Each structure stands twice: as C-alpha cells, then as structure tokens.
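# Inside the fold
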Amino acid sequence: MSNENNVFYWLPCSVVFVSTAHEDKKDIMTATAMFVSEKEPLLVISVAKDHLTEKLIAQSRKFTVVIAGADHEKLAMQVGSAKGEDSDKFERFAIKAAPGTGSAALIPEGAAAWMECEVESSKEIQGYQLFMGRVVNQDDCGKPPLVWHKDKFFNLNKV
Ligand SMILES: Cc1cc2nc3c(=O)[nH]c(=O)nc-3n(C[C@H](O)[C@H](O)[C@H](O)COP(=O)(O)O)c2cc1C
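Residues numbered from 1 in each chain as written. Predicted model: local features only at pLDDT ≥ 70, side-chain atom pairs only at ≥ 80, totals over all residues. Heavy atoms only, no water.

In the structure shown here, the tally under the stated rule is 3 aromatic pairs. Taking the centre distance of 6.5 Å and the plane angle of 50° together, the rings of Phe63 and Phe131 count as tilted. Placement of the pair is Phe63 in strand β4 (residues 62–67) and Phe131 in strand β8 (residues 128–140), with a sequence separation of 68 residues. A relative accessible area of 1% means that Phe63 is categorised as buried. (Phe/Tyr/Trp six-rings, centres within 6.5 Å; stacked < 30°, edge-to-face > 60°. Helix = DSSP H or I, 4+ residues; strand = E, 2+ residues; numbered from the N terminus. Buried < 20%, exposed > 50% of the residue type's maximum accessible area, 1.4 Å probe, protein only.)

Once that is clear, we can look at a nonpolar patch on the surface. On the surface, Leu11, Met34 and Phe35 cluster together to form a nonpolar patch covering roughly 310 Å² of accessible area. Position of Phe35 relative to the elements: it lies in strand β2 (residues 25–37). (Patch = residues over 30% accessible without salt bridge, like charges linked within 9 Å, V, L, I, M, F, W, Y side chains within 5 Å. Areas by Shrake-Rupley, 256 points an atom, 1.4 Å probe, with all protein chains shown as cover. Salt bridge = Lys/Arg side-chain N within 4 Å of Asp/Glu carboxyl O.)

It is worth spelling out the pairing of strand β10 (residues 152–155) at this point. In terms of strand pairing, strand β9 (residues 146–149) meets β10 through 4 bridges, oriented antiparallel. Bridged to Trp148 within β10 is Phe153. Where β9 folds back on β10, the antiparallel hairpin that results is connected by 2 residues, among which Lys150 adopts a positive phi of roughly 50°. (Pairing = 2+ DSSP bridges.)

Our next topic: the site of the ligand. The environment of the ligand is formed by 21 residues, the closest being Asp27, Ser46, His51, Thr53 and Ala82. Within the backbone of Gly84, a nitrogen or oxygen atom sits 2.7 Å from an oxygen atom of the ligand. Expressed as a share of its isolated accessible area of 650 Å², the protein-covered part of the ligand is 86%. Here the shell around the ligand gets 5 residues from one element, more than from any other, and that element is β2. Across the shell around the ligand, the residue classes tally to 10 nonpolar, 8 polar and 3 charged. (Near = heavy atom within 4 Å. Polar contact = N/O pair within 3.5 Å; in protein donor to acceptor, adjacent residues only side chain to side chain. Nonpolar A, V, L, I, M, F, W, Y, C, P; charged D, E, K, R; others polar.)

Structure representation (structure tokens):
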C-alpha cells in the first residue's frame, strides 16, 4: 500500500504498548490505539493474527493499553520488532515494569498512562484481529506521551 492510501501513515496516533498476560505467559508489543466513544470508555486496537499478543488477548479476554512516555522511543522499536513467541521481551530487554490494578499485564516504567481493558467485541480483517476494549481501570502517570506520525516519533508541544 502506498503512503497516500495508508491511514496509518497520515493519522497521528499515540504510540502505545499492548501488554498482555495469561496463566504463565506475558507479552508486550508496540501498537497504536484509537478511541471510539467518549461517553462509553471504548477503544480499538488492531493486532496481527497468530502473534503471541493476539493469542493472549483471545485467551484472557483482556489487554492493557499503555500510552508510551516521551522517553520510550527505543523501547517502542525493541518490542515493536521482536516476537514474544521467541523470547520473554521483559527479560530480553530488561524492562522494569509492574502490574496495574486488575490485571497481571505489566506496565513499563516511564509510561504516560495506562488503561486496562476487557474485550467487548472482536472482528478479523485481512490477517489482523480488531479488538474493541472497554476500559475498566486506568491511571495517568503524569508523563508526556510519545506520538507517531508519517513513520516518525514526535513529542507533544503545547501551542
Ligand atoms: C510504531 C509501531 C506501531 C505498530 N503498530 C502495530 C499495530 O497496530 N498492530 C500490530 O499488529 N503490530 C504493530 N506493530 C508491530 C508489532 O509491535 C510487532 O509485530 C511485534 O513484534 C508483535 O509482538 P508479538 O509477536 O510479541 O505479539 C507496530 C510496530 C511499531 C514499531
């Protein structure tokens, strides 16, 4: 797909980590997320099928969206290119992390915010599984977020 037809290229998005856990397995990957409603706390993520992240969400029916902090550029590239099936990314990249409140999914230090979600609905589109999540627990960690636009990372500046 050319960049002109690729909404992922044009639409600025918060860089997020999708953190997951089920039984003795855990994983984290870089992604983007989009809110779908304001009154109802719903958001949607798109996850490549048959990756460990997709399997752990399907099994646990939960995922945690972690809004990457402004200093998370390196981590975003690390967990956005390694496969959880190959190795535990938390060990491999020595990620300091702790769980939130209602899930075993881990939240890396330095995050801007996090939202624990329960899967509300799911739909497959061309090799990707879309998960709509209902936010059930959340916290603002007080750090500025990292933004993704036209294949580059940005920080926010107040206008
Ligand atoms: C900035 C960025 C955004 C990404 N967004 C997504 C996404 O929305 N969905 C997706 O499936 N993969 C996305 N990826 C790629 C995954 O993070 C990558 O395939 C990862 O290795 C999957 O991890 P897993 O195999 O442990 O599940 C993105 C990568 C980067 C660097």
